[in-house]
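Breakdown of the fold
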Amino acid sequence: MRKSVLCILLAAVLGLFCCVSPAFAINEGYGRLMDEAGLLTAEEKSELSRTLDEISERQGMDVVIVTVYSLYGQSAMRFADDYFDYNGYGQGADRSGVLLLHSPGDREWWITTRGYGITAFTDAGLDYIGEQITGYLADGDNAAAYGRFAELCDEFITQAKNGSPYDYGTLPRDPLPLWTIPLAVAIGLIAAFLIVGAMKAKLKTVRFKAEANSYIRKGSFAVTQSRDTFLYRHVMRTPRPRNTGGGGSRTHVGSSGARHGGRGGRY
């Protein structure tokens, strides 16, 4: 009798779990990489999927890439928001995540954010990521574009968790190529040689003098009166910095009722 009761209770718990979990789990058959447009090779899909899964699980936020050949007249923002919401993406109570939508047929991309993703990816940050991947998309190097997106997502989430999300004035700077260092040194040496040489040529007739007697006629200078006269005043004023707003993330509400951030563009 006791075993029968335990079996019934266990079945009830499992049934309840099955009813509730789909609202917070990725739909069956959906992964963090959905290449519906068929833009990647099997090897590229496998490697990118592993990367997205590793970043998502380590950071506690879903990082998703979706490709569809055409948006069929729907806006990229609405398509990306709905794809995220209705396919169960996002981790935690606020379903945190970021999703890149790429439509090669419309030559358009959109990045949507939700939950903590809205904080981690500011408008300025999303614009920066868009600039980083647009060149690859335009060249048809989709694997490089998606790989760069995943890499930047990892960096941006880490930065946000450290207490200061990337935003206007604090965006990461690309390192200069190594070949620019010897080039800069060579240009500096050449410029210095030319400037010093020109200055030296002008000083050939100059001889060192310890005093200024050679420039004054004897007895020609006599001070009969002296006074201090105020001529002018020069005041430099620096305007106080103003809070011009901006920064952070502008949000909108998707068809599911969830709030999203996001940016997009064409190429």
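Along every chain, residues carry numbers that run from 1 in the direction the sequence is written. Only residues with pLDDT of at least 70 get local features here, since the model is predicted, and only at 80 or more are side-chain atom pairs given and counted; chain-wide, interface and lining totals rely on the full set of residues. As a rule here, side-chain values come from all non-hydrogen atoms in the structure, and water together with hydrogens is ignored.

Observations regarding the overall build of the chain
Tallying secondary structure elements over the chain gives seven helices and six strands in all. A run of H or I in DSSP counts as a helix once it spans at least four residues, and a run of E counts as a strand once it spans at least two, with each numbered from the N terminus. Walking the chain from its N terminus toward its C terminus, one meets helices and strands in the order α-β-α-β-α-β-β-α-α-α-α-β-β. Here the contacts in the chain between residues at least 6 apart in sequence split such that 68% fall between residues at least 24 apart. All accessible-area figures derive from a Shrake-Rupley calculation using a 1.4 Å probe, and residue coverage is judged against the displayed protein chains alone. When the accessible surface of the chain is summed, it comes to about 18,200 Å², and 58% of that surface belongs to carbon and sulfur atoms. We call two residues contacting when some pair of their heavy atoms lies within 4.5 Å.

A closer look at the sheet that holds strand β1 (residues 33–35)
Taking strand neighbours across the sheet as the criterion, the six strands line up as β1-β2-β3-β4-β6-β5 in an open arrangement whose pairing is mixed. Edge positions in the sheet fall to β1 and β5 (251–253), since each of these pairs with one other strand and no more. Direction aside, neighbouring strands of the sheet carry axes that sit 25 degrees apart on average. Strand direction decides the pairing type here: β5 and strand β6 (residues 259–266), joined by three bridges, are antiparallel. Strands are labelled as partners when DSSP assigns at least two bridges between them. Between the N-to-C directions of two axes lies an angle of 0 to 180 degrees, each axis being a line fitted to C-alpha atoms and, for a helix, fitted only over the stretch in contact.

With respect to the nonpolar core
Formed by 30 residues in total, the largest nonpolar core has its most connected members in V63, I65, L100, I111, F121, Y146 and F149. Per element, the largest residue contribution to this core is nine residues, and it comes from helix α6 (residues 142–161). Once residues within four sequence positions are removed from consideration, I65 is found in contact with R32, L33, M34, L48, L52, L100, Y146 and F149. Grouped together as the second largest cluster of nonpolar side chains are 14 residues, F79, Y83, L101 and W110 included. Residues belong to a common nonpolar core when they are buried Ala, Val, Leu, Ile, Met, Phe, Trp, Tyr or Cys residues joined through side-chain atoms within 4.5 Å. Each residue is placed in one exposure class: buried if its accessible area under a 1.4 Å probe, protein chains only, is under 20% of its type's maximum, exposed if it is over 50%, and partly exposed if it falls in between.

Overview of helix α2 (residues 42–59)
Along its 18 residues, α2 runs 26 Å from first to last C-alpha, staying within 8% of the 26 Å computed at 1.5 Å per residue. Buried within α2 are the following residues: L48, L52, I55, S56 and Q59. Projection of α2 onto a plane perpendicular to its axis shows the buried side chains occupying an angular sector of 95 degrees, all on one side. Of the residues in α2, the exposed ones pointing more than 90 degrees away from the buried face are A42, E43, R50 and E57. Structurally, α2 contributes buried residues whose contacts are with β1, β2 (62–67) and α6. One or two steps after α2, the chain reaches G60, where phi turns positive at roughly 70 degrees. Between the first and last residue of a helix there are one fewer steps than residues, each counted as 1.5 Å, and that sum is the expected span. Summarising the geometry, the arc corresponds to the directions from the helix axis toward the C-beta atoms.

Side note on the packing of α2 against α6
Two numbers describe how α2 lies on α6: the axes approach to 11 Å, and their chain directions differ by 10 degrees. Here α2 lies roughly parallel to α6, going by the angle between them. On α6, the residues that touch E44, L48, T51, L52, I55, R58 and Q59 of α2 are A143, Y146, G147, A150, D154, I157, T158 and K161. Tallied by class, the residues present in the contact of α2 with α6 amount to seven nonpolar, four polar and four charged. The labels follow the angle: roughly parallel below 35 degrees, roughly antiparallel above 145, roughly perpendicular from 65 to 115, and oblique for the rest. Ten residues, namely Ala, Val, Leu, Ile, Met, Phe, Trp, Tyr, Cys and Pro, are considered nonpolar, four, namely Asp, Glu, Lys and Arg, are considered charged, and the remaining ones, Gly among them, are considered polar.

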